[in-house]
Amino acid sequence: MTETIINFAVKSTLHMTKRKDYSKDISEIRSMMERSSKFLALSGWAGIMAGIIALAGSYYAVYIIGFNPGEVSPHLPEGTLYNITVTAFLVFMLALSASVMFSRSRAKRKGEKIWNAASRQLLIQTAVPLVTGGILITISILKGLIGLAAPLSLIFYGLSLFNAGKHTVSEVQYLGFVQILFGLAGVTFIHLGMIFWAGGFGAAHIAYGLYMYIRYER
Amino acid sequence: MKGLIGHLNKSFESRVRLGIMSALAVNDKLDFNSLKDFLEVTDGNLASHIKALEKEDFIRVEKSFIGKKPNTKYFQTAKGRKAFENHLKALEEMISLQK
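Here's what I pulled together on the structure shown here.

## Some details on helix α4 (residues 43-55) of chain B
Residue and element names in this part refer to chain B.
Then step 1. Compared with the 18 Å implied by 1.5 Å per residue over 13 residues, the 18 Å span of α4 between its first and last C-alpha is a close match.
Then step 2. Those residues of α4 that sit buried are Leu46, His49, Ile50 and Leu53. Buried residues along α4 cover an arc of 105 degrees about the axis, so they all sit on one side. The exposed set on the far side of α4, more than 90 degrees from its buried face, consists of Lys51 and Lys55.
Then step 3. Buried-residue contacts for α4 involve α2 (15-26), α3 (32-39), β2 (59-66) and β3 (69-76).

## Thoughts on a nonpolar patch on the surface
All names here are of chain A.
Then step 1. The grouping of Tyr82, Val86, Phe89, Leu90, Phe92, Met93, Leu96, Val100 and Leu130 at the surface amounts to a nonpolar patch, some 840 Å² of accessible area in total.
Then step 2. If you trace the backbone, Tyr82 turns up in helix α3 (residues 80-110).
Then step 3. Exposure remark for Tyr82: the relative accessible area of 60% places this residue in the exposed category.

## Notes on the sheet that holds strand β1 (residues 30-31) of chain B
Residue and element names in this part refer to chain B.
Then step 1. Spatially, three strands are ordered β1-β3-β2 in an open sheet, and the strand pairing comes out antiparallel. The outermost strands of the open sheet, each flanked by one partner alone, are β1 and β2.
Then step 2. When β1 meets β3, the two strands line up antiparallel, connected through two bridges. Bridge pairing links Asp31 to Lys73 in β3.

Reading the values: the criteria
Residues numbered from 1 in each chain as written. Chains lettered and ligands numbered in written order. Predicted model: local features only at pLDDT ≥ 70, side-chain atom pairs only at ≥ 80, totals over all residues. Heavy atoms only, no water. Helix = DSSP H or I, 4+ residues; strand = E, 2+ residues; numbered from the N terminus. Expected span 1.5 Å × (residues − 1). Buried < 20%, exposed > 50% of the residue type's maximum accessible area, 1.4 Å probe, protein only. Arc of directions from axis to C-beta. Contact = heavy atoms within 4.5 Å. Patch = residues over 30% accessible without salt bridge, like charges linked within 9 Å, V, L, I, M, F, W, Y side chains within 5 Å. Areas by Shrake-Rupley, 256 points an atom, 1.4 Å probe, with all protein chains shown as cover. Salt bridge = Lys/Arg side-chain N within 4 Å of Asp/Glu carboxyl O. Pairing = 2+ DSSP bridges.

The following block contains the structure:
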């Protein structure tokens, strides 16, 4: 009798320690799969800052430089093309540095490295559509199709965000869809191209960033 | 019960080995340093677990050169993938049986 009880006690203790291990194993497997394939330190603040920079940039482009093409190949005053190219480049660089800065500080807080196998994959996946779009836009501008530049940049940026979803928080895919829609709308209504551009790169980024911040970082 | 425990793979009892298999299940290839960063273990520790998994033919090494620098990458074999999936299934069954 005593033997049976002891036996039972030993068995159930074993059972209990094992139960704990099994679920722990599963959660560790899940966490490793996620950490090794997804860069999760992308900060909501990056979206908010990129959006603010884009809004400022589009305001400058439309109201200071006077860039607001009404047709696919508009006649621009001397110097406008140069000014808008410089502005676009600055906006892109500022938004990119803001994203890297905020994500780096979030990675540090989470104890992750910003440069790892997952972020490398993320970069490659986003770079291919982004560089393709950049080259296409350059060619279009050289051929005088200046009105297509803003909507095309939305479309290719949206595609690259959609790709990025596999290697970072999956919500960026929705942001990608929104950019693609704004881009297609911009191609359809060329004279509203800059408004859609401000809506996609500006407002949509800020909305996305706020949502991510409230949901995951607060 | 006994039959089920048979599916749990002894090779995956170590957390490091389980981690290596998990990381390689979702990445086509990973180099030594990436694995080391994800698992937060020492060189020697990781190397010995990699060797054990290689011996079972669950993972294999691919050696190439980037310029003059040797580049060693690891990937999961079909056998390793199967064994890992069976291990996962067994873990899930054990948990559901205990509920």
